[in-house]
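If you want the building blocks of each chain, they are given just below.
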Amino acid sequence: MLSSILSKHQCAACKFCCSFRRQSLWETPLFPPEVVEKLSKPNEYGVVGEFRTVDDPQKSCAGRLVLENNYRTADPEEEVPCTFLDPHRGCILKPEDKPFDCSIWPLRIMNKDGELVIALTPTCPSIGAVPSQALTELVKSDLGEKILAYAKEHPYIIKEYRAGFPIIYL
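In short, a report on the structure.

Rules used in this analysis
Residues numbered from 1 in each chain as written. Predicted model: local features only at pLDDT ≥ 70, side-chain atom pairs only at ≥ 80, totals over all residues. Heavy atoms only, no water. Salt bridge = Lys/Arg side-chain N within 4 Å of Asp/Glu carboxyl O. Buried < 20%, exposed > 50% of the residue type's maximum accessible area, 1.4 Å probe, protein only. Helix = DSSP H or I, 4+ residues; strand = E, 2+ residues; numbered from the N terminus. Pairing = 2+ DSSP bridges. Contact = heavy atoms within 4.5 Å. Axes fitted to C-alpha atoms, helices over the stretch in contact; angles between N-to-C directions.

1. Side note on the pattern of salt bridges
In this structure the tally under the stated criterion is 11 salt bridges. Residues Glu 44 and Lys 38 are paired through a salt bridge, measuring 3.0 Å at the closest nitrogen-oxygen approach. Look at Lys 38 and you get partly exposed, because its relative accessible area is 27%. Of the charged contacts in the structure, one is a salt bridge between Lys 38 and Asp 97, with a shortest N-O distance of 2.7 Å. Placement of the pair is Lys 38 in helix α2 (residues 33–39) and Asp 97 in the loop between β7 (90–91) and α3 (100–104), with a sequence separation of 59 residues.

So this is what it looks like as structure tokens:
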């Protein structure tokens, strides 16, 4: 969705968004139930994911990848890759199985004081902590409305707002 701002080459070379420190597990993408069912058993990808249903009533239909068991040390900075990340090819999921969170990275749909906002994840190495004019214009065009519409239809993807995430779109 952000191909006019980030090239596939930039993302494939970085893969930052596809690994998680313990303190960033809240950002692990949420999968819809039909994809959880598909990816939880032998599938076309040759990788079986372990999922947990989210304990939030609004998100109860969503599944979160279980990554906690993959850490090898107690170091809070240790990163664990997504189960579906191939170190050489990048994400192995087809677009129809890829979580919406991944499709809009480094954007996040968040709830700030009861209002839906689109914010920038400030840790994206390719975009940085400050939204560019091009990114802001892209979101304010039809992309912002598409993201908000998807969030209203799939409320499980909405995350609580966190300080430090620049708001791009209300």
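After that view of the structure, there is still more to cover.
2. Some points on the sheet that holds strand β4 (residues 63–65)
A sheet is described by the order of its strands in space; here three strands give the open sequence β2-β4-β3, paired in antiparallel fashion. In the strand order of this sheet, the two ends are held by β2 (30–31) and β3 (51–53), each with one partner. As defined by bridge partners, β3 adjoins β4 across three bridges and the pair is classed as antiparallel. If you follow Arg 52 over to β4, its bridge partner there is Arg 64.

3. Observations regarding the sheet that holds strand β8 (residues 107–112)
Within a beta sheet, neighbouring strands are joined by backbone hydrogen bonds and run either parallel or antiparallel to one another. If you trace the four strands from one edge of the open sheet to the other, you get β10-β8-β9-β11, paired in mixed fashion. Sheet topology places β10 (159–160) and β11 (167–169) at the edges, where each strand pairs with a single neighbour. Bridge count between strand β9 (residues 115–120) and β11: two bridges; the pairing is antiparallel. Across the sheet, the residue bridging to Ile 118 is Tyr 169, located in β11. Sitting on the sheet, helix α4 (residues 133–153) is in contact with β8, β9 and β11, with an inclination near 80° to β11.

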